[in-house]
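Each chain is listed here by its residues.
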2 protein chains.
Amino acid sequence: MNKVPPTRTSPVTALDVARRANVSRSAVSRAFTPGASVSESTRLKILKAAEELGYRVNLVARGLNKQRTDLVGMIASRMDNPYRAQQIDALAKHLVRKGFRPMLFCIDEENNVEQLLSILLNYRVSGVVITSDAPPAEICAECARMGVPLVLVDRADDLPFVDRINGDDVKGGQLAAEALMEAGRQSFIAVRQDSLGYSGQVRVSAFAERTAQEGIKAQIISVGQDEYAGGAEAATSVAEMLEDNPGVFCPSDTVALGLVDTLRTRYGVEIPRQLGVIGYDDIPQASWNFARLTTIRQSVTDFARVTVDLLCDRMENPELAPRTRKVDVHLVQRDSA
Amino acid sequence: MNKVPPTRTSPVTALDVARRANVSRSAVSRAFTPGASVSESTRLKILKAAEELGYRVNLVARGLNKQRTDLVGMIASRMDNPYRAQQIDALAKHLVRKGFRPMLFCIDEENNVEQLLSILLNYRVSGVVITSDAPPAEICAECARMGVPLVLVDRADDLPFVDRINGDDVKGGQLAAEALMEAGRQSFIAVRQDSLGYSGQVRVSAFAERTAQEGIKAQIISVGQDEYAGGAEAATSVAEMLEDNPGVFCPSDTVALGLVDTLRTRYGVEIPRQLGVIGYDDIPQASWNFARLTTIRQSVTDFARVTVDLLCDRMENPELAPRTRKVDVHLVQRDSA
DNA sequence: GTGAAAGCGCTAACAC
DNA sequence: GTGTTAGCGCTTTCAC
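**Here's the deal with the sheet that holds strand β7 (residues 219-223) of chain B**
All names here are of chain B. Pairing within the open sheet is mixed, and its six strands lie in the order β7-β6-β8-β9-β10-β12. This sheet does not close on itself; its edge strands, each paired only once, are β7 and β12 (329-332). Each adjacent strand pair in this sheet contributes to an overall mean axis angle of 20 degrees, direction not counted. Taken together, the four bridges between strand β10 (residues 294-298) and β12 define a ladder with antiparallel strand orientation. Across the sheet, residue R297 finds its bridge partner in β12, namely H330.

Here's what the structure looks like:
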């Protein structure tokens, strides 16, 4: 099966193609530039020569010349969160569809947002999307100075010079409260889980405010860092509040799943008979049989589309005032509430 | 909070820094090249000037010049599979750690491996890792010709010029069979799910061969494309084979989870009393309470490390014969078997 | 150790 | 429509 390795041919450039096709190298360049003015006949001649030589445009060289690479950085964290993984997947696909080339940097102990963003800037990327922690303000300013659009996903509204995209967390929290109230729950609990950051806070607050409107104060349970384990942790408290027929809101499906799963297996609680649970995101696992989780869905493809729009707008017009765009959410009714 | 946007400064180049520091631009270049010969004093002087001007090396220009960009392409599919997402995460992190810059392309309806690989080649990437379908042989040859190392993850051994990395699927299948036998199961079933591709096949075959060694023929159940749904589908058949005290092997945790979950909720089956189930990969969901899935674990960080090693080796020595490296696997004993 | 000059492969005025 | 020329910003011999 393994033939001899092909001899490494010396890299073939536009000049090689030009010579072979008996044209100038600019003609070659034009032949590979959509919408440039070349006669069809020479274009074909050039394409043929290129084909024979195995020529491919060097996008690095083109990038240097055009001062734009079409590279777009994505800075992510917590890819073990299924929703985040889906977001990245959808974003990467949509970027490619729009002619960009996604780079993926994941935060970890050794590399923080700032360092990664700095590398991206050195590559003269056409834009950056950040789904992890927000970067320091000063480097945002530097992006602005360099004309590199920055989009923050699900982050607070406190950074200058950048565009933001969020799910409609307020509506989401409200929908959750309303669904639980309509299901006839008498008391309300929200689980606060810190790794969710800004969005989680907003969702929980909106939930609590909505129940307060009906005169019922929601209890807040705070739990630790890991999402599923956090839900499991919350189960201990929730198990003791069952007599009030509670409705529980978790600002993330994984937290909700940890809660539901633990409540049933460890405490023999029946859902939705004894309590209702609502999650957030509608990850694939939410529909699994053991949970059949009612949840608030936000579409990752909407996110991707809007994010790329934001990027493109700002490339065309860097002077635009910073914008925040919201993605709609809706309730997905299953059996847990 | 929103100050006025900083005026877009014209891009500052090495020449600007050079003038400001009263040196030549080659000095500036050296100052930013680790291990170049510059006196400490001028280096400092240059760094200071660069700092003041807000200079950052243009990696695109450097890439053009050095004929290598340190960009490494990752071509992935099915990021909704948690294991794949973890693999990408681990790989991206390790690449950065080693000084590379990961690009992420996800296969979809509009973009197949070949097209995406072709784009990558145009960026003169330093290497490509493919965790999705294998690309056509001819483009592999082209990578070889261009001196771009290619690593295939979990793919069959049928492509020339490329390196491969696999989990030890044979050992994994055997371990599963042995664990089930030790648990006293009397009959054996393996679920075949096609989206798993090559690795899935090998695992199932190894499982069947191992039970055959003990004189018991394993039954194979073939199911549809979606992993969890495939497991649920298998549940229907498995539910009718319970009297034989079966041990079931699923070559992916998500399939196993679909099976376990459906068996319990739809058929009231008790696990492990009535049957044993073993999955593969040890994704986070495998340890969730509803399943407590016994599974075969393969470390994503091992994968990442070996993959990058493979890449680096071949960059240093492109003439190397194609290699296949195996990552070890082991049994994670939980409650489902 | 430092500077001058050449060149990486491409695009974009500008002439013709 | 096509060729000529001049860079894009960097690294790298090669002298000194």
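**Side note on the relation of the copies chain A and chain B**
Turning chain A through 180 degrees and shifting it by 0.0 Å along the axis lays it on chain B, with an RMSD of 0.1 Å. Look at the turn and shift together and you get a two-fold axis relating the two. Minimal C-alpha distance to the rotation axis in chain A is attained by M103(A), lying at 2.0 Å. The fraction of interface residues of chain A whose copies in chain B are also interface residues reaches 99%, indicating that both copies meet through the same surface.

**Some remarks on the environment of G173(B)**
Residues and elements named next belong to chain B. Tracing the backbone shows G173 in helix α8 (residues 169-182). Assessed through its relative accessible area of 0%, G173 is described here as buried. C-alpha of G173 to C-alpha of E243: the two residues are 70 residues apart in sequence and 24 Å apart in space. G173 has contacts with R203, A206, F207, F249 and Y280, leaving out every residue within four places of it along the chain.

**Considering the pairing of strand β2 (residues 101-106) of chain A**
Residue and element names in this part refer to chain A. Among the six residues of β2, six are classified as buried, and the element is accordingly described as predominantly covered. In this sheet, β2 lies alongside strand β1 (residues 71-76) in parallel orientation, the contact comprising six bridges. Considered in β2, the bridge of M74 is made with L104. Regarding topology, helix α5 (residues 82-97) serves as the crossover connection from β1 to the parallel β2, and that connection is right-handed.

**Considering the domain arrangement of chain A**
Along its sequence, chain A is carved into domain 1 (14-57), domain 2 (66-167 + 300-327) and domain 3 (169-298). When each unit is reduced to the centre of its C-alpha atoms, the spacing between domain 1 of chain A and domain 2 of chain A is 35 Å.

**Topic: the sheet that holds strand β8 (residues 246-249) of chain A**
Residues and elements named next belong to chain A. Taken in spatial order, the six strands make up an open sheet running β7-β6-β8-β9-β10-β12, and their pairing is mixed. Looking at the sheet topology across the chains shown, the edges are occupied by β7 (219-223) and β12 (329-332). Strand-to-strand twist of the sheet, defined as the mean angle between neighbouring strand axes without regard to direction, takes the value 20 degrees. Looking at chain direction, strand β6 (residues 187-193) and β7 are connected through five bridges and run parallel. Counterpart to V191 in the pairing with β7 is I221. Taken strand by strand, helix α9 (residues 197-213) contacts β6, β7, β8, β9 (276-281) and β10 (294-298), and its axis lies near 170 degrees from that of β6. Along the sheet, helix α11 (residues 253-267) makes contact with β6, β8, β9 and β10, crossing β9 at roughly 150 degrees.

**Structural notes on the protein's contact with DNA strand C**
Near DNA strand C, the surroundings consist of 26 residues, among which A14(A), S29(A), R62(A), R30(B) and N65(B) are the closest. The contact atoms of DNA strand C, taken as those within 4 Å of the protein, divide so that sugar and phosphate hold 63%. Between DNA strand C and the protein, one listed contact pairs a base nitrogen with a side-chain N or O atom of S26(B) at 3.3 Å. In this structure, a phosphate oxygen belonging to DNA strand C sits 2.9 Å away from a side-chain N or O atom of T42(B).

Conventions adopted
Residues numbered from 1 in each chain as written. Chains lettered and ligands numbered in written order. Predicted model: local features only at pLDDT ≥ 70, side-chain atom pairs only at ≥ 80, totals over all residues. Heavy atoms only, no water. Pairing = 2+ DSSP bridges. Helix = DSSP H or I, 4+ residues; strand = E, 2+ residues; numbered from the N terminus. Axes fitted to C-alpha atoms, helices over the stretch in contact; angles between N-to-C directions. Least-squares fit on C-alpha atoms with pLDDT ≥ 70 in both. Contact = heavy atoms within 4.5 Å. Buried < 20%, exposed > 50% of the residue type's maximum accessible area, 1.4 Å probe, protein only. Right-handed = clockwise from strand over helix to strand, strands pointing away. Domains from an automatic or database assignment. Near = heavy atom within 4 Å. Polar contact = N/O pair within 3.5 Å; in protein donor to acceptor, adjacent residues only side chain to side chain.

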